[in-house]
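# Close look at the chain arrangement
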Amino acid sequence: MKVVLFCGGQGLRLRDHSGSIPKPMVEVGGRPVLWHIMNYYAHFGHREFVLCLGYGASSIRDYFDGGDFRDWSISFVDTGVDASIGQRLRAAGPYTGGGDIFLANYGDVLTDAPLPALLDRFRRSRKLAAFIAVRPHPYTFHLVNLGRGDRVKRVQEVSKADLWMNGGYFMLRRAILDEIGPLDDLVPDLLPRLIKRDEVLGYRYDGFWGPMDTIRDWQNLEALVASGRPPWAVWHRAASTPETTETA
């Protein structure tokens, strides 16, 4: 099954750390975060990747052209420096193969979500799109519930509220490609239209999910690597859970 990864972002909030390389090439534990994401998919048998390139495209090409990735099939698609996620997905369409379903994801977020089980649910749903919905747990702000007269009724940590956010790890049917207009972005433009038609699912996931948007996020991921048990490294647990492997 094809996996489309959006790798064209500049990572402005990581610029002081990343220099001139694109955010997916920032290293976590000595490997680009993009490599960790691809290894996650490969562990479940999905080794055909379509990398949507933009900013710093040459650094991504050079890394994979120069490495030993014989078990992975990688297609590079130059989708433009300023393209939105929707435009990158549209450009990658011809590379997504002939299957009914393909996968897509951002190039800077890690998880240990049970992909085979989620894919099985998606296949049975017959919907056009799904993604994992996660709690905004990396953040420490508090939500305020206000009543009349400016009275504060409740203050609650955001991690304990019933709030869910888009966590990526999209599962998409090929028919969705025909729905993307030339100027459409994926989440702000296309998904709301599909939601009105009841074509989108969000799978709640309370397990590990870690973005790499800021220096603090990167430090948290590095600390997990240093602990010796990075939760997203599901391939390290392969021997004890052989039943989770799925082939495309």
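All values derive from a computational prediction rather than experimental measurement.

## Topic: the nonpolar core
Membership of the largest hydrophobic core comes to 73 residues, with the highest contact counts inside it found for L5, Y41 and L51. The element contributing the most residues to this core is helix 2 (residues 33-43), with eight residues. Residues in contact with L51, not counting those within four places in the same chain, are L5, C7, L34, M38, I60, F64, I74, S75, F76 and V77.

## Quick look at unusual backbone geometry
With a phi angle near 65°, R126 is a residue other than glycine that sits in the positive phi range. Of note, R126 is situated in the loop between helix 5 (115-125) and strand 8 (129-134). The exposure class of R126 is exposed, given its relative accessible area of 68%. We note that Y169 has phi near 50°; this positive angle belongs to a residue other than glycine. By secondary structure assignment, the location of Y169 is in the loop between strand 11 (165-166) and strand 12 (170-173). Here Y169 falls in the buried class, since its relative accessible area comes to 4%.

## Some details on the pattern of salt bridges
In total, this model carries 11 salt bridges according to the counting rule given. Between R173 and D100 there is a salt bridge, and its shortest N-O distance comes to 2.5 Å. Placement of R173 in strand 12 and of D100 in the loop between helix 4 (85-92) and strand 6 (101-106) is noted, with a sequence separation of 73 residues between them. The residue R124 makes a salt bridge to D120 at a minimum N-O spacing of 3.2 Å.

## Observations concerning helix 4
Of all the positions in helix 4, only G86, R88, L89 and A92 are classed as buried. Looking straight down helix 4, one finds its buried side chains confined to an arc of 160°; they lie on one side. The inward-facing, buried residues of helix 4 abut strand 1 (2-6), strand 4 (48-53), strand 6, strand 12 and helix 6 (186-196).

## Describing the pairing of strand 8
Regular strands show a simple pattern: their side chains alternate between the two faces of the sheet. Counting buried positions along strand 8 yields six of six residues, so the element is predominantly enclosed. Relative to strand 12, strand 8 is paired through two bridges, and the arrangement is antiparallel. The residue bridging A129 from the neighbouring strand is L172, located in strand 12. Two elements, strand 8 and strand 13 (residues 200-205), share six bridges in a ladder whose sense is parallel.

## Some remarks on the environment of A113
Position of A113 relative to the elements: it lies in the loop between strand 7 (109-111) and helix 5. It is 8.2 Å that separates the C-alpha atoms of A113 and W232, two residues lying 119 residues apart in sequence. For A113, the contacting residues outside a window of four places in its chain are Y40, F44, L118, I132 and Y205.

## Section: the confidence of the model for the protein
Here the protein averages 90 in pLDDT, while 90% of its residues score no lower than 70. Low confidence marks residues 240-248, where pLDDT is under 50. Its contacts with residues over four positions away, or in another chain, come to 16 contacts.

## Remarks on the packing of aromatic side chains
The relative placement of two aromatic rings is captured by the distance of their centres and the angle of their planes. The final tally for this structure, using the stated rule, is 14 aromatic pairs. What links up through ring pairs into an aromatic cluster is the set F49, Y63, F64, F69 and W72. Here the guanidinium or amino end of R31 rests over the ring plane of W35, the centre of that ring lying 4.5 Å away. Across the ring face of W164, the terminal group of R204 is positioned such that the distance to the ring centre comes to 5.8 Å.

## Describing a nonpolar patch on the surface
Taken together, the side chains of V144, L146, V152 and V155 define a hydrophobic patch exposed on the protein surface, amounting to about 380 Å² of accessible area. When contributions to the nonpolar patch are tallied by element, the ones reaching two or more residues are strand 9 (142-146) and strand 10 (152-157). Relative to the elements of secondary structure, V155 occurs in strand 10. Overall, the relative accessible area of 52% leaves V155 in the exposed class.

Quick notes on the rules
Residues numbered from 1 in each chain as written. Predicted model: local features only at pLDDT ≥ 70, side-chain atom pairs only at ≥ 80, totals over all residues. Heavy atoms only, no water. Core = buried A, V, L, I, M, F, W, Y, C linked by side-chain atoms within 4.5 Å. Buried < 20%, exposed > 50% of the residue type's maximum accessible area, 1.4 Å probe, protein only. Helix = DSSP H or I, 4+ residues; strand = E, 2+ residues; numbered from the N terminus. Contact = heavy atoms within 4.5 Å. Salt bridge = Lys/Arg side-chain N within 4 Å of Asp/Glu carboxyl O. Arc of directions from axis to C-beta. Pairing = 2+ DSSP bridges. pLDDT = per-residue confidence, 0-100. Phe/Tyr/Trp six-rings, centres within 6.5 Å; stacked < 30°, edge-to-face > 60°. Lys NZ or Arg CZ within 6 Å of the ring centre and 35° of its normal. Patch = residues over 30% accessible without salt bridge, like charges linked within 9 Å, V, L, I, M, F, W, Y side chains within 5 Å. Areas by Shrake-Rupley, 256 points an atom, 1.4 Å probe, with all protein chains shown as cover.

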